[in-house]
Amino acid sequence: MSDITIRSLSSLERVDSALWDGLCHGDSPFQKYGFLRALELSESVGPGTGWLPQYLLVEEDGELLGACAAYLKTDSYGEYIFDWAWARASPRFGVSYYPKLVVAAPFTPATGNRLLIAPEADRELVQRAIASGIVGLCEKHQLSGAHVLFCTDNEAAALEKLGLARRSSVQYHWHNRDYTSFDEFLAALKSRKRKQIRKERSRAQAAVDSIEFVFARDWQEEDFEALDRFYRKTVAEHGGFDYLRPGFFRHVAECMSDTVLYCRVINDGVIVAGALFFE
């Protein structure tokens, strides 16, 4: 009779990337091995960041059945859930809110699978095992609780069935309503908004010479430097936090060369703007 085991690791270094990525990730790339590993290698997560990795692996006879990326948190930065009110209220009731556990894609408020399960595995069995592992981490480290952030509706329902409390929050999404072109999308808007968008796009396009999408495998040294510079400049100008440490863009390009794209904007031969995309 086979045994199911649950273990936690502080790094993905010794985990087979193909096995991790072979689990069901749905449409989201933000729990893929390359993204999580790039965060580690750039030291965007780890000691001193407020994000200490505790990856849970569910195995049977050495076969990976499921996993989740969990983190010990000593603050609430980079989660985009904004539970500071809970953190302030907890001491009034004699409860230490930190440290806590979060199951999430760090710094990425995008919905996606958080409980990664092998395609042929017993889904309910693995979900119970992961939930048990989460509770075990809380008990081991004497944590105030666990928070599964931006999971799918199906995962939320499964975790609620297993005894976790569901939290509701609001997030605004844009959906492609079967638009076949940008003009078709504009046609669905009121005239005033349609004209304003066309005016803004025209001004932006007139201000630069070219806009191009480049896969990470084709980035040049100047692209790495430009992306990092634009990121830190944007953070500084808008009063944010530069969660992604220097080197992240290089590592994510190496780890996800066929998935990551860079929107490169050039004017007078100089890269003047850019944006990062995950396909």
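The preceding data block contains the structure.
Given the structure is predicted, the values throughout are model-derived calculations rather than measurements. Along each chain, residue indices are assigned from 1 in the same order as the chain's sequence is written. The predicted nature of this model means local features are confined to residues of pLDDT at least 70 and side-chain atom pairs, given and counted, to a pLDDT of 80 or more, with totals for whole chains, interfaces and linings taken over all residues. Remark: hydrogens and water are excluded; side-chain values derive from all non-hydrogen atoms of the structure.

1. Looking at the sheet that holds strand β8 (residues 146-148)
Hydrogen bonds along the backbone pair up the strands of a sheet, which may run parallel or antiparallel.
In step 1: One open sheet accounts for 4 strands, arranged β2-β5-β6-β8; its pairing is mixed. Strand pairing shows two members of the sheet lacking a second neighbour, β2 (51-53) and β8, which therefore form its edges. Along the sheet, successive strands turn relative to each other by an average axial angle of 30 degrees, direction set aside.
In step 2: When DSSP finds at least two bridges between two strands, those strands are taken to pair. What counts as a helix is a DSSP run of H or I of at least four residues, what counts as a strand is a run of E of at least two, and both are numbered from the N terminus. Of the pairings in the sheet, the one linking strand β5 (residues 70-73) to strand β6 (residues 100-103) comprises 4 bridges and is antiparallel in character. Residue Tyr-71 lies in a different strand from β6, and its bridge partner there is Val-102. To obtain an axis, a line is fitted to C-alpha atoms, over the contacting stretch when the element is a helix, and the angle between two such axes runs from 0 to 180 degrees between their N-to-C directions.

2. Quick look at the environment of Glu-279
In step 1: Among the secondary structure elements, Glu-279 is positioned in the segment after β11 (270-278).
In step 2: Burial status follows relative accessibility: with a 1.4 Å probe on protein chains alone, a residue under 20% of its type maximum counts as buried, one over 50% as exposed, and anything between as partly exposed. Given the relative accessible area of 64%, Glu-279 is considered exposed.
In step 3: If sequence neighbours within four positions are ignored, Glu-279 has contacts with Phe-215, Asp-258, Thr-259 and Leu-261. Any two residues having at least one pair of non-hydrogen atoms within 4.5 Å are treated as being in contact.

3. Describing the packing of helix α8 (residues 221-237) against helix α9 (residues 248-255)
In step 1: Taken N-terminus to C-terminus, the directions of α8 and α9 make an angle of 130 degrees; their axes are 9 Å apart at the nearest point. When the axis of α8 is compared with that of α9, the two are oblique. In this structure, α8 uses Glu-221, Phe-224, Leu-227, Asp-228 and Tyr-231 to contact α9, whose residues at the interface are Phe-249, Arg-250 and Ala-253.
In step 2: Each residue is assigned to one class: nonpolar for Ala, Val, Leu, Ile, Met, Phe, Trp, Tyr, Cys and Pro, charged for Asp, Glu, Lys and Arg, and polar for all the others, Gly among them. Taken together, the residues of the contact of α8 with α9 break down into 5 nonpolar, no polar and 3 charged. Geometric relationships in this document are graded by angle, where less than 35 degrees denotes roughly parallel, more than 145 denotes roughly antiparallel, 65 to 115 denotes roughly perpendicular, and other angles denote oblique.

4. So, the pattern of salt bridges
In step 1: Throughout this description, the term salt bridge denotes a Lys or Arg side-chain nitrogen within 4 Å of a carboxyl oxygen of Asp or Glu. Within this structure, the stated rule accounts for 16 salt bridges.
In step 2: A salt bridge links Arg-232 to Asp-242, with the shortest nitrogen-to-oxygen separation between them at 3.3 Å. Taken as a pair, Arg-232 in helix α8 and Asp-242 in the loop between α8 and α9 lie far apart in primary sequence, 10 residues in all.
In step 3: Take Asp-242: its relative accessible area is 31%, and that puts it in the partly exposed class.
In step 4: With a shortest N-O distance of 3.0 Å, Arg-245 and Asp-242 are connected by a salt bridge.
In step 5: Through salt bridges with shared partners, a single network forms among Lys-73, Asp-75, Glu-79, Asp-83 and Lys-100.

5. Points about helix α2 (residues 33-41)
In step 1: Across the 9 residues that make up α2, a large majority, 8, are buried.
In step 2: If you check which residues of α2 are buried, you get Tyr-33, Gly-34, Phe-35, Leu-36, Arg-37, Ala-38, Leu-39 and Glu-40.
In step 3: Immediately downstream of α2, the backbone of Glu-43 shows phi near 60 degrees, a positive value.

6. A word on unusual backbone geometry
In step 1: Omega for the bond connecting Tyr-98 with Pro-99 falls within 30 degrees of zero, at 0 degrees, which places this linkage in the cis form.
In step 2: Mapping Pro-99 onto the fold places it in the loop between α3 (84-89) and β6.
In step 3: With a phi close to 55 degrees, Asp-61 is a non-glycine residue in the positive phi region.
In step 4: Here Asp-61 is to be found in the loop between β3 (55-60) and β4 (63-68).

7. Concerning the packing of α2 against α9
In step 1: Their axes nearest at 8 Å, the elements α2 and α9 cross at an angle of 145 degrees. Viewed along their axes, α2 and α9 form a crossing whose handedness is right-handed. In this structure, α2 uses Gly-34, Phe-35, Ala-38, Leu-39 and Leu-41 to contact α9, whose residues at the interface are Phe-248, His-251, Val-252 and Cys-255.
In step 2: Counted by class, the contact of α2 with α9 contains 7 nonpolar, 2 polar and no charged residues. A crossing counts as left-handed when the near helix is turned anticlockwise from the far one by less than a right angle, and as right-handed when that turn is clockwise.

8. Section: the nonpolar core
In step 1: By convention a nonpolar core is built from buried Ala, Val, Leu, Ile, Met, Phe, Trp, Tyr and Cys residues, the set being connected through side-chain atoms within 4.5 Å. In this structure, Trp-20 and Trp-219 are the most contacted members of the largest nonpolar core, which totals 70 residues.
In step 2: When residues of this core are assigned to their parent elements, the largest contribution, 7 residues, is made by helix α4 (residues 123-140).
In step 3: Beyond its immediate chain neighbours, meaning those up to four positions away, Trp-219 contacts Val-214, Phe-224, Leu-227, Phe-249, Ala-253, Val-260, Leu-261, Tyr-262 and Leu-276.

9. Notes on the packing of aromatic side chains
In step 1: Two rings belonging to Phe, Tyr or Trp (six-membered ring only in the last case) form a pair when the distance between their centres is within 6.5 Å. Interplanar angles under 30 degrees mark stacking, angles over 60 mark edge-to-face geometry, and anything in between is tilted. Tallied over the full model, the rule gives 23 aromatic pairs.
In step 2: Measuring from centroid to centroid gives 6.5 Å for Tyr-80 and Phe-82, while their planes differ by 90 degrees, and the two rings are edge-to-face.
In step 3: You can call Tyr-80 partly exposed: its relative accessible area is 36%.
In step 4: Aromatic pair Tyr-179 and Phe-185: ring centres 5.4 Å apart, planes at 70 degrees, arrangement edge-to-face.
In step 5: Through a chain of ring-to-ring contacts, three or more aromatic side chains come together here, namely Trp-20, Trp-51, Tyr-55, Tyr-71, Tyr-77, Trp-84, Phe-107, Phe-241 and Tyr-243.
In step 6: Above the face of the Phe-215 ring, Arg-217 is positioned so that its terminal group lies 4.6 Å from the ring centre.
In step 7: In this structure, Arg-229 is placed above the aromatic ring of Phe-230, and the distance from its NZ or CZ to the ring centre is 5.2 Å. Working rule: Lys NZ or Arg CZ, within 6 Å of ring centre, within 35 degrees of ring normal, means a charge sits over the ring.

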